[in-house]
Amino acid sequence: MVEERLKDQNISLQGRAKITVTGVSDVDSFDEHTVVLYTILGILTIKGGDLHINKLNVETGDICIEGEIDSLAYSEAQSTKKAAGSLLARLFQ
């Protein structure tokens with residue numbers, strides 16, 4: 001399993017135009033404005049403009065994203081799923 005090989009996470013941001021992240025176990029979603037990654041430290045959301053994934057290595061857990069990077073935010077996987085479940089539950093009541 002990929003997560004067993006991942007022990008640490010590093011983020012390298014170069015001039016708000018290129019970001020390299022290690023410790024990535026999966027890519028949840030991506031488009032030109034948002035990239036959502038599952039990492040060993042939780043869910044990492046990268047927001048900006050004209051974002052594109054240049055390199056993804058699932059064996060080592062490395063990803064390189066280029067574009068205009070505006071923000072990085074971590075969230076916990078469980079709390080995100082609970083919030084989504086709550087919203088769905090309210091919609092279908």
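Refer to the structure printed above.
Here goes a summary of the coordinates provided. In this text the structure is predicted, and so the values were computed from the model without any measurement. (Residues numbered from 1 in each chain as written. Predicted model: local features only at pLDDT ≥ 70, side-chain atom pairs only at ≥ 80, totals over all residues. Heavy atoms only, no water.)

Helix and strand content of the chain: two helices and six strands. Listing the helices and strands of the chain from first to last along the sequence gives α-β-β-β-β-β-β-α. For the chain, the residues scored as buried account for 28% of the 93 residues in total. Within the chain, counting contacts between residues at least 6 apart in sequence, those at least 24 apart form 42% of the total. Carbon and sulfur atoms make up 52% of the accessible area of the chain, which totals about 6,100 Å². (Helix = DSSP H or I, 4+ residues; strand = E, 2+ residues; numbered from the N terminus. Buried < 20%, exposed > 50% of the residue type's maximum accessible area, 1.4 Å probe, protein only. Contact = heavy atoms within 4.5 Å. Areas by Shrake-Rupley, 256 points an atom, 1.4 Å probe, with all protein chains shown as cover.)

Here we come to unusual backbone geometry. Positive phi outside glycine occurs at Arg16, with the angle close to 60°. Note on placement: Arg16 falls in the loop between β1 (11-14) and β2 (18-21). Although it is not a glycine, Asp50 sits at a positive phi angle of roughly 55°. Here Asp50 shows up in strand β5 (residues 42-57). With a relative accessible area of 57%, Asp50 lands in the exposed category.

Together, Ile11, Leu41, Leu72 and Tyr74 make up a nonpolar patch on the protein surface, roughly 350 Å² of accessible area in all. Inspection of the secondary structure puts Ile11 in strand β1. (Patch = residues over 30% accessible without salt bridge, like charges linked within 9 Å, V, L, I, M, F, W, Y side chains within 5 Å. Salt bridge = Lys/Arg side-chain N within 4 Å of Asp/Glu carboxyl O.)

What follows is about the side chain of Gln9. Relative to the assigned elements, Gln9 resides in the loop between α1 (2-5) and β1. Separated by 2.8 Å, the side chains of Gln9 and Tyr74 make a polar contact. With near-sequence residues (within four places) excluded, Gln9 lies in contact with Val21, Thr22, Gly23, Thr39, Ile40, Leu41 and Tyr74. (Polar contact = N/O pair within 3.5 Å; in protein donor to acceptor, adjacent residues only side chain to side chain.)

With that settled, the discussion passes to the sheet that holds β5. By definition, the strands of a sheet pair up through backbone hydrogen bonds, in either a parallel or an antiparallel sense. As summarised here, the arrangement of the six strands in space is β1-β2-β6-β5-β4-β3, forming an open sheet in which the pairing is antiparallel. Edge strands, defined here as strands with exactly one partner in the open sheet, are β1 and β3 (24-30). With strand direction ignored, the average angle separating the axes of adjacent strands in the sheet is 35°. Strand direction decides the pairing type here: strand β4 (residues 34-39) and β5, joined by six bridges, are antiparallel. When the bridges of β5 are listed, Leu37 appears paired with Leu44. (Pairing = 2+ DSSP bridges. Axes fitted to C-alpha atoms, helices over the stretch in contact; angles between N-to-C directions.)

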